[in-house]
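Structural overview for review
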Amino acid sequence: MTNPDLEEAAGHASHAHEFLDRSREYLAVGSLHQASEKGWGAAAHMAKAVAVAQSWEYANHSHFSNVLNEARRLTGNPRIRDLRSVANELHINYYKRKKLLDADAIGEDIEAIEELLALLAPLTNLEPSA
């Protein structure tokens, strides 16, 4: 990975963690649409970090699932498929009426996104080698 690619991947990974933190802040104040969207954003930015690091295409929203499917195949971890669905559900929440949103479920989904970020992190090639 070239230095600009490394910087781009690191930037996306950093944004992913910032968005995860923000999703928790929004959840804490009851802003469920924003909490959901920031949770989705965390997953999307980590997927972009992986795509850059692995030289995979990520030019639009539809590539999110492609990247996570490839990550699942590469790692052999079937949990990534479930977590992909959680991220997509958070994104769908943005379009729901507030009374249809469940704060407890959104909180659980945000914690699941933290797991997704951890599973994808090794594919970004940003972690130091052991």
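Residues numbered from 1 in each chain as written. Predicted model: local features only at pLDDT ≥ 70, side-chain atom pairs only at ≥ 80, totals over all residues. Heavy atoms only, no water.

So, about the overall build of the chain. Of regular secondary structure, the chain possesses 5 helices and 0 strands. For 130 residues, the compact-globule formula gives about 14 Å, and the C-alpha radius of gyration of the chain, at 14 Å, lands near that figure. Each principal axis of the C-alpha distribution contributes one length, and for the chain these read about 45 × 30 × 25 Å. Here the chain holds 130 residues, and 41% of them are scored as buried. For the chain, contacts bridging at least 24 residues in sequence account for 65% of all contacts bridging at least 6. Put simply, the chain shows about 7000 Å² of open surface, and 49% of that area lies on carbon and sulfur atoms. If the 13 positive side-chain charges of the chain are averaged to one point and the 19 negative ones to another, these points end up 9 Å apart. (Helix = DSSP H or I, 4+ residues; strand = E, 2+ residues; numbered from the N terminus. Rg over C-alpha atoms; globule rule 2.2 N^0.38 Å. Buried < 20%, exposed > 50% of the residue type's maximum accessible area, 1.4 Å probe, protein only. Contact = heavy atoms within 4.5 Å. Areas by Shrake-Rupley, 256 points an atom, 1.4 Å probe, with all protein chains shown as cover. Lys, Arg positive; Asp, Glu negative; His and termini not counted. Charge placed at Lys NZ, Arg CZ, Asp CG, Glu CD.)

Attention now goes to unusual backbone geometry. Phi is positive for Ser55, close to 60 degrees, though the residue is something other than glycine. Structurally, Ser55 can be placed in the loop between α2 (32-54) and α3 (63-75).

Before going further, it helps to examine the environment of Leu27. By the element assignment, Leu27 lies in helix α1 (residues 3-28). Remark: the alpha-carbon pair of Leu27 and Leu68, spanning 41 residues in sequence, is separated by 25 Å. Leu27 has contacts with Leu32, Ala35, Ala103, Ile106, Gly107 and Ile110, leaving out every residue within four places of it along the chain.

What follows is about the confidence of the model for the chain. Averaged over every residue, the pLDDT of the chain is 93; the share at 70 or more is 96%. Least confident of the elements in the chain is α1, whose mean pLDDT is 94; most confident is helix α5 (residues 103-120), at 98. (pLDDT = per-residue confidence, 0-100.)

To continue, consider the packing of α2 against α3. Their axes nearest at 10 Å, the elements α2 and α3 cross at an angle of 65 degrees. Between α2 and α3 the crossing geometry is left-handed. On α3, the residues that touch Trp40, Ala43, Ala44, Ala47, Val50, Ala51 and Gln54 of α2 are Phe64, Val67, Leu68 and Leu74. Its residues placed into classes, the contact of α2 with α3 shows 10 nonpolar, 1 polar and no charged. (Axes fitted to C-alpha atoms, helices over the stretch in contact; angles between N-to-C directions. Left-handed = near helix turned anticlockwise from the far one by under 90°. Nonpolar A, V, L, I, M, F, W, Y, C, P; charged D, E, K, R; others polar.)

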